[in-house]
Amino acid sequence: GQFKMDVFDALFTRRSIRKFTTQFVSKDDENLILKAAMLAPSACNEQPWHFVCVRDAEMRERLSHVSPYTHMAAEAPLVIVVCGDLSLEKAKGMWVQDCSAAIENILLAARGKNLGSVWCGIHPEKEREAKTREVLGIPDSVIPLAVISIGHPAQHFSEASRFDKARIHQDKW
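Residues numbered from 1 in each chain as written. Predicted model: local features only at pLDDT ≥ 70, side-chain atom pairs only at ≥ 80, totals over all residues. Heavy atoms only, no water.

Caption draft 1: Here's a closer look at the packing of aromatic side chains. With the rule as written, the count across this model stands at two aromatic pairs. Each ring, one from Trp 49 and one from Phe 51, has its centre 6.5 Å from the other, and the planes form 40 degrees; the classification is tilted. In this structure, Trp 49 and Phe 51 share a single accessibility class: buried. For the cation-ring pair, Arg 111 lies above Phe 157, with the distance from its terminal atom to the ring centre recorded as 3.6 Å. (Phe/Tyr/Trp six-rings, centres within 6.5 Å; stacked < 30°, edge-to-face > 60°. Buried < 20%, exposed > 50% of the residue type's maximum accessible area, 1.4 Å probe, protein only. Lys NZ or Arg CZ within 6 Å of the ring centre and 35° of its normal.)

Caption draft 2: Expanded view of the layout of surface pockets. The space that makes up the largest pocket amounts to roughly 240 Å³. Together, 13 residues line the largest pocket, and Met 5, Leu 108, Ala 109, Gly 112 and Lys 113 are the ones closest to its centre. Elements with a contribution of two residues or more to the lining of the largest pocket: helix H1 (7–13) and helix H4 (95–112). Classifying every residue of the lining of the largest pocket gives eight nonpolar, two polar and three charged. Taken as a whole, the second largest pocket spans an internal volume of roughly 200 Å³. Taken together, Leu 11, Phe 12, Arg 14, Glu 104, Glu 159, Ala 160, Ser 161 and Arg 162 make up the full set of residues lining the second largest pocket. Taken together, the residues of the lining of the second largest pocket break down into three nonpolar, one polar and four charged. (1 Å grid on protein atoms, 1.4 Å probe; cavity = no way out; pocket = protein on both sides within 12 Å on 5 of 7 lines; lining within 4 Å. Points joined across faces, edges and corners; volume = space filled by probe spheres on them. Helix = DSSP H or I, 4+ residues; strand = E, 2+ residues; numbered from the N terminus. Nonpolar A, V, L, I, M, F, W, Y, C, P; charged D, E, K, R; others polar.)

Caption draft 3: Quick look at the environment of Gly 84. Tracing the backbone through its elements, the reader meets Gly 84 in strand E2 (residues 78–85). Looking at Gly 84, the relative accessible area reads 0%, which means it is buried. For the pair Gly 84 and Asp 98, spaced 14 residues apart in sequence, the C-alpha separation works out to 8.5 Å. Residues within four places of Gly 84 in sequence aside, it is in contact with Pro 48, Trp 95, Cys 99, Ser 141, Val 142 and Ile 143. (Contact = heavy atoms within 4.5 Å.)

Caption draft 4: Local environment of the pattern of salt bridges. Tallied over the entire structure, the rule returns six salt bridges. Ionic pairing is found between Lys 113 and Asp 29, a salt bridge with its closest N-O pair at 3.4 Å. Of this pair, Lys 113 sits in the loop between H4 and strand E3 (116–121) while Asp 29 sits in helix H2 (residues 27–37); the two residues are 84 residues apart in sequence, bridging distant segments of the chain. Exposure remark for Asp 29: the relative accessible area of 14% places this residue in the buried category. Lys 126 is paired through a salt bridge with Glu 129; the nearest N and O atoms lie 3.7 Å apart. Of the two residues, Lys 126 and Glu 129 both sit in helix H5 (residues 126–136), three residues apart, roughly one turn of that helix. For Lys 126, a relative accessible area of 57% gives the class exposed. (Salt bridge = Lys/Arg side-chain N within 4 Å of Asp/Glu carboxyl O.)

What follows is the structure, given as structure tokens:
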């Protein structure tokens, strides 16, 4: 049978995975992850996202240098760069929230397939945006938000507890 994971198991054991095995990530898993990404909510249902899927080793190596934090892109068998297309905006400025919701769906879908992933922010750092845009040939009206490295984990998943009552306010601050 197919591997199935409870949504709460995925939520509670998801963590940033920065080390991957050399095992291939299937095209079916990539498509499932992207299907999950595109189910994210978006303002006015604008769905302002584009996804650049990078498997080519040379391109992944180049992406590993667009930010001080993207080094693992060189080793990850699949990198998804999540971008916001300003020409698709109906609700001005909401593309960051929309694409962030898509990113969280990517991370959870990857975990649900027992894959590791890590979210590395690109926007709003202009230099990182420019480097990513140059590597991938992204048009000026599209802003690279994040580089997501995905692969079979060479680190263990473990449940973390970050619940903090001090951050919860009832009815008012």
